[in-house]
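Coordinate analysis (summary)
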Amino acid sequence: SSQADTLGVDFEVKSLLVDDFKIKLQIWDISGEKRFRDLLSTYISHARGGLFVYDISEKSSLTNINFWLSLIKKEFTKEEIFPLLAVGIKPKSVTQRQITLEESKVFANLYDLDGIIECCTKSGGNIEKMFETLSRLILERSPPLIEPEISKGPQKASINGLVAKKKTKKKK
C-alpha cells in the first residue's frame, strides 16, 4: 500500500520469520473516518494483535485512542490477552515533531499498551522490527504449538487465527 491516507480499509499480507516460525500476518489498515466506524468491529473481532498508529508531528492524532481501545475492549474479554503496540510515525523533519519519545512512553504506559516503537515510512526504519515485535507478542500469548510425533516437513499450526509454520533445518 502507498503512504497516502487510508480511505476505508486497506489490506496487506506480510510474511516473516520470528523465532524459527514462519509468520503470515494479515494486516488490516482501518481508516479513522467516522463513516467507516460501523465496520470496525467486524475487522477487530478476528484480530490477534493491534497497532495504534499515530503521527508524531500531530498531537491531535492521539485524541481518539479512547474510542479505539473501547472497541477492542468490547470485542475481547479480560481473559483474552490482545497485544497492542503504539506506533509513532516520524515526521519528515525533526522540527515538525510535536510528541517526544518520552511523551509516547508515558502515553503507552497510561493506556497499558505493550510497547512503543517509532517508524519512518520514508526510509522504512523500524518497520520490520514493528512487525517482528507484534508477532513475537502474539506467539508468546497464544496457546503452545503441539509438536507432531512424526514430522516430515515444517510444522504448521493455526492458533486463534494466527498461522505459524515452524521452520525446519534442512539435512545435509
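Here the residue numbering is sequential within each chain, running from 1 through the sequence in written order. Given that this is a predicted model, residues contribute local features only at a pLDDT of at least 70 and side-chain atom pairs are listed and counted only at 80 or more, while totals for whole chains, interfaces and linings are drawn from all residues. Side-chain numbers come from the whole structure's heavy atoms, not from hydrogens or water.

Scored from 0 to 100, pLDDT reflects the predictor's confidence in each residue. A residue-level look at the protein finds 72% of positions with pLDDT of 70 or above and a mean pLDDT of 78. Helical segments are the DSSP runs of H or I of at least four residues, strand segments are the runs of E of at least two, and each set is numbered from the N terminus. Mean pLDDT across the elements of the protein ranges from a minimum in strand β6 (residues 155–159), with 50, to a maximum in strand β5 (residues 115–119), with 94. Residue contacts are defined here by distance: any two heavy atoms, one from each residue, within 4.5 Å place the two residues in contact. Every residue in residues 148–152 is under pLDDT 50, and counting partners more than four places away or in other chains gives one contact.

Another point: the pattern of salt bridges. The working definition used for a salt bridge is a side-chain nitrogen of Lys or Arg within 4 Å of a carboxyl oxygen of Asp or Glu. Taken as a whole and assessed by the stated rule, the structure comprises five salt bridges. With its nearest N and O atoms 2.3 Å apart, the salt bridge here joins Arg97 to Glu118. In this pair, Arg97 is assigned in the loop between β4 (84–89) and α3 (101–110) and Glu118 in strand β5, connecting sequence segments 21 residues apart. Any residue under 20% of the maximum accessible area for its type is buried, any over 50% is exposed, and the rest in between are partly exposed; the area is computed with a 1.4 Å probe on protein chains only. The exposure class assigned to Arg97 is partly exposed, which follows from its relative accessible area of 30%. Close ionic contact of Arg141 with Asp114 constitutes a salt bridge, the shortest N to O distance being 2.5 Å. With Arg141 in helix α4 (residues 127–141) and Asp114 in the loop between α3 and β5, this residue pair connects regions lying 27 residues apart in the sequence. Taking the relative accessible area as the measure of exposure, Arg141 reaches 30% and is therefore partly exposed.

Residues belong to a common nonpolar core when they are buried Ala, Val, Leu, Ile, Met, Phe, Trp, Tyr or Cys residues joined through side-chain atoms within 4.5 Å. Among the nonpolar cores identified, the biggest contains 20 residues, and Phe52, Tyr54, Ile72, Phe107 and Leu113 are the most heavily contacted of them. Those elements giving two or more residues to this core turn out to be α1 (40–44), β3 (50–55), α2 (65–75), β4 and α3. Looking at which element gives the most residues to this core, the answer is α2, with five residues. Those residues in contact with Tyr54 that lie beyond four places of it in its chain are Ser61, Leu62, Ala86, Val87, Gly88, Ile89, Ile99, Ser104, Phe107 and Ile116. If you look at the next biggest cluster of nonpolar residues, it comprises twelve residues, including Leu16, Val18, Leu25 and Cys119.

Strand order in this open sheet of three strands is β3-β4-β5, and the pairing throughout is parallel. Looking at the sheet topology across the chains shown, the edges are occupied by β3 and β5. Neighbouring strand axes in the sheet, compared pairwise and without regard to direction, differ in orientation by 25° on average. Two elements, β4 and β5, share five bridges in a ladder whose sense is parallel. Each residue of the ladder has a partner; that of Ile89, found in β5, is Cys119. Axis geometry follows a simple rule: fit a line to the C-alpha atoms, using only the stretch in contact for helices, then measure angles between N-to-C directions, giving values from 0 to 180 degrees. In the packing of α4 onto the sheet, the strands contacted are β3, β4 and β5, and the crossing angle to β4 comes to about 170°. In short, DSSP must find at least two bridges between two strands for them to pair.

The next subject is the pairing of strand β2 (residues 21–30). Across ten bridges, the pairing between strand β1 (residues 9–18) and β2 is antiparallel. Across the sheet, residue Leu17 finds its bridge partner in β2, namely Lys22. Counting the residues in the hairpin turn of β1 and β2 gives two residues, including Asp19, whose phi is positive at 50°.

Two cysteines joined by a covalent bond between their sulfur atoms form a disulfide. Disulfide assignment relies on a single distance test, namely cysteine sulfur atoms paired within 2.5 Å. In the structure shown here, the tally under the stated rule is zero disulfides. For Cys119, which is in no disulfide, the shortest distance to another cysteine sulfur is to Cys120 and amounts to 8.8 Å. With relative accessibility at 0%, the residue Cys119 sits in the buried group.

Note on patches: the residues involved have over 30% relative accessible area and no salt bridge, like charges join within 9 Å, and the nonpolar side chains Val, Leu, Ile, Met, Phe, Trp and Tyr join within 5 Å. Here, Shrake-Rupley sampling with a 1.4 Å probe gives the accessible areas, and only protein chains in the shown set may cover a residue. A contiguous nonpolar surface patch, about 270 Å² in accessible area, is contributed by Phe11, Val13 and Trp28. Note on placement: Trp28 falls in strand β2.

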